[in-house]
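# Descriptive structure summary
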Amino acid sequence: MPEGEDYYTKYKDILEQFPRLNQSSILQDIQQKGGYFSVGPDTNIIDFKLRIIGLNSNLWYQSNHLVSDKPDPADQFRNFEEELKSARENKERVLIFSHIPPGKFERFYQKMTEVDYSGYHWMYERFNKRYLNIIEEFWDIIELQLFAHHHTDSFKVFRGLNGTPISVGLVAPGLTPWNSTLAPETGANNPGLRLFKYSKNDGRVLDFSQFYLNLTQANEIGKAHWELEYSFLDFYNISDLSALSVASLLERMKTDDKLFNQYYSLNTVMFESEKDAEENCDATCRRYHYCAQSELDYSSFETCISSTSKGDSPSISIELISAFVLNVFLVFNSYSKIFL
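Note that the coordinates shown come from a computational prediction; the quantities given were computed from them, not determined experimentally. (Residues numbered from 1 in each chain as written. Predicted model: local features only at pLDDT ≥ 70, side-chain atom pairs only at ≥ 80, totals over all residues. Heavy atoms only, no water.)

## Digging into the packing of aromatic side chains
Within the structure shown, the criterion is met by 24 aromatic pairs. Look at Y230 and Y236: their rings are 6.3 Å apart centre to centre, the planes differ by 75°, and that puts the pair in the edge-to-face class. Overall, the relative accessible area of 2% leaves Y236 in the buried class. Members of the aromatic cluster, connected to one another through ring pairs, are F155, F196, F208, Y230, F232, F235, Y236, F260, Y263 and Y264. Across from the ring centre of Y298, 5.0 Å away, lies the NZ or CZ of K104, which sits over that ring. The ring of Y124 carries the charged tip of R126 above its face, separated from the ring centre by 5.1 Å. (Phe/Tyr/Trp six-rings, centres within 6.5 Å; stacked < 30°, edge-to-face > 60°. Buried < 20%, exposed > 50% of the residue type's maximum accessible area, 1.4 Å probe, protein only. Lys NZ or Arg CZ within 6 Å of the ring centre and 35° of its normal.)

Right, dumping it as structure tokens:
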């Protein structure tokens, strides 16, 4: 973490633009805890039973060699668990946001032979595993997880016992039109902005609208014209952002070529077209996308990459039926604990 008043002044300058966020407690958390913080009903920022937890995932980043030998940099995991325990005791729902997502990057389709693993990931493996374990323990109070970093538009399904979908992570595309040098298949993206729709009664995230800037067109006409790209629920024809609904969508994408090609275009914020998906994304490409979205544990990802094929969905469908039954039972019990 950078240190010094100049670094924290940047946070303060941003907070001052939003009066309700401009509280000394937030800045103190950022300074004293290592760049992470939370706000909840005990502040004048949130008016319902919701706690928002902001994590500093750079502390878990494998490019951050200063933390390579630390079990819990800046005590962030310990603090994260304490916040979640407190939220459960106070019957609060939790919204988590963090820059770097767990799991693998969906647009890197190679075997890293020098380290003997497939795909590309950002977190140290032990941090990735611990994060997933925490989500599995507290999934019943977690509303949603929001991530970025990839510059691509994607989503991830967190799984618990026996592969049961338990939580969803939405990965927002970048405002910066990044043309990556990570790998030839990584490509580039149009700039994107995301607007969330939520309930003013309880803070639940209901949907989001994705806006984009056609960079090619903007360069041709000499001005920016932002337009609606899609709304998640309507475009993908699902009823809500629950883990079960998004997991079902992911399974449909495995066998529905048109749906996958649409997703692939959105994944680049329409920098690439559906036709580009047909021409550029072969079976290996599709497998890496699916496994990166479905299997966030690195070992499970390896198994998925080596075993997943386009036609192996029947067993997954049975899993989803079992997951639905288990989710109904677990959600009923968790709601009884939280709200009764």
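## Some thoughts on helix α10 (residues 283-294)
A rise of 1.5 Å per residue sets the reference length of α10, with its twelve residues, at 16 Å; its end C-alpha atoms lie 16 Å apart and thus fit the reference within 8%. Most of α10 sits out of view: nine of its twelve residues are buried. The N-cap residue of α10 is D282: its side-chain oxygen and the backbone nitrogen of T284 are 3.2 Å apart. (Helix = DSSP H or I, 4+ residues; strand = E, 2+ residues; numbered from the N terminus. Expected span 1.5 Å × (residues − 1). Polar contact = N/O pair within 3.5 Å; in protein donor to acceptor, adjacent residues only side chain to side chain.)

## A few points about helix α7 (residues 243-255)
End to end, α7 covers 19 Å across 13 residues, agreeing with the expected 18 Å (1.5 Å per residue, within 8%). Where burial is concerned, most of α7 is hidden: ten out of the 13 residues are buried.

## Things to note about the state of the cysteines
Under the defined criterion, the tally for this structure stands at two disulfides. Paired through a disulfide, C281 and C285 show a sulfur-sulfur distance of 1.8 Å. Its S-S torsion of approximately -90° makes the covalent link between C281 and C285 left-handed. One exposure class covers both C281 and C285, and it is buried. Disulfide pairing is shown between C291 and C304; the S-S distance is 2.0 Å. Taking the sign of the torsion about the S-S bond as the criterion, the disulfide between C291 and C304, at about -80°, is left-handed. With C291 in helix α10 and C304 in helix α11 (residues 298-307), this pair connects stretches of sequence that are 13 residues apart. For C291, a relative accessible area of 0% gives the class buried. In the protein chain, the cysteines engaged in disulfides, taken in order along the sequence, are linked 1-2, 3-4. (Disulfide = S-S within 2.5 Å.)

## A look at unusual backbone geometry
If you check the backbone angles, A74 has positive phi at about 55° while not being a glycine. In this fold, A74 is placed in the loop between β2 (50-55) and α3 (76-89). In this structure, N237 is a non-glycine residue whose phi angle is positive, near 55°. As for its placement among the helices and strands, N237 is situated in the loop between α6 (232-236) and α7. By relative accessible area, which is 65% here, N237 ends up exposed.

## Examining the side chain of E143
By the secondary structure assignment, E143 is in strand β6 (residues 142-151). At 3.3 Å, the side chain of E143 forms a polar contact with the backbone nitrogen of V205. Setting aside chain neighbours within four positions, we find E143 in contact with R93, V94, R204 and V205. (Contact = heavy atoms within 4.5 Å.)

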